[in-house]
Amino acid sequence: PVNDDVTVIKVATNSAKTSTKAAEKDETADWKTATNSNVGYQIKYPPTWLEANAAYFAPSKDLLGISDSGFGGLISISLTGSGYDINKELALYKDHNFTDYKQIDTKVGVKKAIKLSGISQLENEAISFKGTKFIVYLVDMGEGTFILSYAQSPNWADYSKEFELMVSTFKFI
């Protein structure tokens, strides 16, 4: 009888571990879905966050930051024109002279991508990104580059985990 009890406890513990793993895998289950039919993608974002045109996302209006300068605030999604291939985009980001720079090959949806990350040191007379944390996914689309970008100003809270979860839900449609 003692051995049977031990077996039952062991099975119950394994079941609990399996249930916990299943719950961890779907952290985005209650998230909203944004769709951009013109560009051809869907992405999920936290239910309390704001979105604009399925291209800009943030937890508050002040971080949404859509402006004429093209800076999209915390999280932005864009597709460049055919004149901006992935190598030109890489060069633009390298101009930031990042500290803690990382570049890795990965995927976004089903497509090959390059993930860049680091803290920008770019500062000039037009704009300063000095101290801004960037995480950028570049996807070569042949006729341009698809960009998913996270830009965290030094005085903002860190939402990089939410951004990475968003990227994990990204689908080309």
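Residues numbered from 1 in each chain as written. Predicted model: local features only at pLDDT ≥ 70, side-chain atom pairs only at ≥ 80, totals over all residues. Heavy atoms only, no water.

### Examining the sheet that holds strand β2 (residues 41–45)
- Taken in spatial order, the three strands make up an open sheet running β1-β2-β10, and their pairing is antiparallel. Strands at the two margins of the open sheet, each flanked by one partner only, are β1 (32–36) and β10 (171–172).
- As paired strands, β1 and β2 are joined by five bridges and run antiparallel to one another. Its bridge partner being in β2, Ala34 is matched across the sheet by Ile43.
- Its contacts with the sheet place helix α4 (residues 160–169) against β2 and β10, and it is angled at close to 145° to β2. (Pairing = 2+ DSSP bridges. Helix = DSSP H or I, 4+ residues; strand = E, 2+ residues; numbered from the N terminus. Contact = heavy atoms within 4.5 Å. Axes fitted to C-alpha atoms, helices over the stretch in contact; angles between N-to-C directions.)

### What to know about the pairing of strand β5 (residues 75–79)
- As paired strands, strand β4 (residues 56–58) and β5 are joined by two bridges and run antiparallel to one another. When the bridges of β5 are listed, Phe57 appears paired with Ile75.
- Of the pairings in the sheet, the one linking β5 to strand β9 (residues 145–152) comprises five bridges and is antiparallel in character. Residue pairing across strands places Ser78 opposite Ile147, the latter belonging to β9.

### Observations regarding the sheet that holds strand β8 (residues 133–140)
- The strand order across the open sheet formed by seven strands is β3-β4-β5-β9-β8-β7-β6, and the pairing between neighbours is antiparallel. Two strands lie at the open edges of the sheet, namely β3 (50–52) and β6 (99–108), each paired on one side alone. If you compare each strand with its neighbour and ignore which way they point, the axes differ by 15° on average.
- With eight bridges joining them, β6 and strand β7 (residues 111–119) adopt antiparallel strand pairing. Across the sheet, the residue bridging to Lys107 is Lys112, located in β7.
- Strands β6, β7, β8 and β9 of the sheet are contacted by helix α3 (residues 86–94), whose axis makes an angle of about 170° with β8.
- Each of β4, β5, β6, β7, β8 and β9 is contacted by α4, which is oriented at about 10° to β8, the strand it contacts most.

### Topic: unusual backbone geometry
- One non-glycine residue, Asn53, lies in positive phi territory at about 55°.
- The exposure class of Asn53 is exposed, given its relative accessible area of 62%.
- If you check the backbone angles, Asp100 has positive phi at about 55° while not being a glycine.
- Secondary-structure assignment places Asp100 in strand β6. (Buried < 20%, exposed > 50% of the residue type's maximum accessible area, 1.4 Å probe, protein only.)

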